[in-house]
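Residues per chain are reported as follows:
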Amino acid sequence: MMDHPEAETALARAGMLRAALHLYFVMGSPNCAGRSPATVLDEAIRGGITMFQYREKGPHAREGIARTELGRELRERCRRAGIPFIVNDDVRLALELEADGLHVGQEDQAQQSAAELRRLARGRILGISAHNVAEAREAVRQGADYIGVGPMYATATKSDARRVQGPAVIAEMRAAGISLPLVGIGGITPAGARAVLEAGADGVAVITAISQAPDAARAAELFQQVYKNKEFAG
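As a starting point, this report considers the structure included with it. (Residues numbered from 1 in each chain as written. Predicted model: local features only at pLDDT ≥ 70, side-chain atom pairs only at ≥ 80, totals over all residues. Heavy atoms only, no water.)

**Observations concerning the packing of aromatic side chains**
Applying the stated criterion to the full structure yields four aromatic pairs. On the basis of an interplanar angle of 75° and a centroid distance of 5.9 Å, the ring pair of Y24 and Y146 is categorised as edge-to-face. Here Y24, found in strand β1 (residues 23-27), pairs with Y146, found in strand β6 (residues 146-149); they are 122 residues apart in sequence, far enough to count as distant. Exposure class is identical for Y24 and Y146. Each is buried. Judged by centre distance (5.8 Å) and plane angle (55°), the ring pair of F25 and F52 falls under tilted. (Phe/Tyr/Trp six-rings, centres within 6.5 Å; stacked < 30°, edge-to-face > 60°. Helix = DSSP H or I, 4+ residues; strand = E, 2+ residues; numbered from the N terminus. Buried < 20%, exposed > 50% of the residue type's maximum accessible area, 1.4 Å probe, protein only.)

**Looking at the side chain of S29**
Checked against the element boundaries, S29 lands in the loop between β1 and α2 (37-47). Relative accessible area serves as the criterion here: at 16%, S29 is assigned to the buried category. Discounting chain neighbours no more than four positions away, the residues touching S29 are P37, E56, H60, A61, R62 and L70. (Contact = heavy atoms within 4.5 Å.)

**Observations concerning the pairing of β6**
Burial of β6 is two-sided: the residues Y146 and G148 facing one way and the residues I147 and V149 facing the other way are all buried. Relative to β6, strand β5 (residues 125-130) runs parallel, the two being bridged by four bridges. The residue of β6 that forms the bridge with A130 is V149. Between the parallel elements β5 and β6, the chain passes through helix α6 (residues 133-141) in a crossover that is right-handed. Across three bridges, β6 lies against strand β7 (residues 182-185) in parallel orientation. Looking at the pairing, I147 lines up with L182 of β7. (Pairing = 2+ DSSP bridges. Right-handed = clockwise from strand over helix to strand, strands pointing away.)

**Considering the environment of A171**
Looking at the secondary structure, you find A171 in helix α7 (residues 168-175). Sequence-wise, A171 and L197 are 26 residues apart; in three dimensions their C-alpha atoms are separated by 9.7 Å.

**With respect to the pairing of β7**
Summarising the sheet, β7 and strand β8 (residues 203-206) pair through three bridges and their orientation is parallel. Counterpart to V183 in the pairing with β8 is G203. With respect to chirality, the unit in which β7 leads through helix α8 (residues 190-198) into the neighbouring parallel β8 is right-handed.

**A look at the packing of α2 against helix α10 (residues 216-228)**
At a minimum axis distance of 7 Å, the contact between α2 and α10 shows a crossing angle of 35°. For the crossing formed where α2 meets α10, the hand is right-handed. Contacts between α2 and α10 involve V40, E43, A44, R46 and G47 from the first element and A216, A217, A220, E221 and Q224 from the second. (Axes fitted to C-alpha atoms, helices over the stretch in contact; angles between N-to-C directions. Left-handed = near helix turned anticlockwise from the far one by under 90°.)

**Some remarks on the pattern of salt bridges**
Once their charged atoms are close, side chains differing in charge can pair, the charge on each being opposite to the other. Under the definition given, this model contains 13 salt bridges. One salt bridge in this structure joins R77 and E73, with 3.6 Å as the shortest N-O distance. Here E73 and R77 lie together in helix α3 (residues 64-81), a separation of four residues that amounts to about one turn. Overall, the relative accessible area of 18% leaves R77 in the buried class. Salt bridges sharing partners connect three or more residues here, namely R75, E76, R79 and E98. (Salt bridge = Lys/Arg side-chain N within 4 Å of Asp/Glu carboxyl O.)

**Regarding the environment of I188**
Summarising the element assignment, I188 is placed in the loop between β7 and α8. Residue classification places I188 among the buried residues on the basis of a relative accessible area of 3%. As for I188 and Y153, which are separated by 35 residues in sequence, their C-alpha atoms are 6.4 Å apart. In contact with I188, not counting residues within four places along its chain, are M152, Y153, A193, V196, V204, A205, V206, A209 and F223.

In structure tokens form, the structure reads like this:
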């Protein structure tokens, strides 16, 4: 038993996040290949996703009231399923939707520091993207609850994606003493997930491998099978 309640709370929060990051689905309407985002999310939830990020970006992304209404619809599905609902980059939208958290990328911090975003987010989960050990250390300093690391593999989802890092960067972060929950992202398929987890990630974040699959439930199940594989030692 720890003598410091704040330390216990921090450990409990980290433990919750490690479990939630197990299969982190990231999606907005441009990622759904013309299908209803709500239907895709419903299928993904049935397949076993453990966390969801609303990322409404890219060509033909919804704006204004339509963006907010879709976010509210997806949030309600996450609440019914009991999984955390995270908003990408927009603290005002996160507050309006009463989201469980906010995720910001390195480029998205240009206008506000993560520390300021944390203050505005009022205690919600804060995720920060990092591409190397230096950025991961800065994310820790800024008060991140978890770090999104990538891109693991080549991805076409982000037009401004950084150079592929590969799972080795996660191992480097762990070797450097980064103990926060880490989730790998970028071009991850079930075949590539195992290497990400074995490098030290707590989970994988997935966009198109689930959102553009003919059956999102089955796609999510294939990722879950990686964890269920008895030969996996992570």
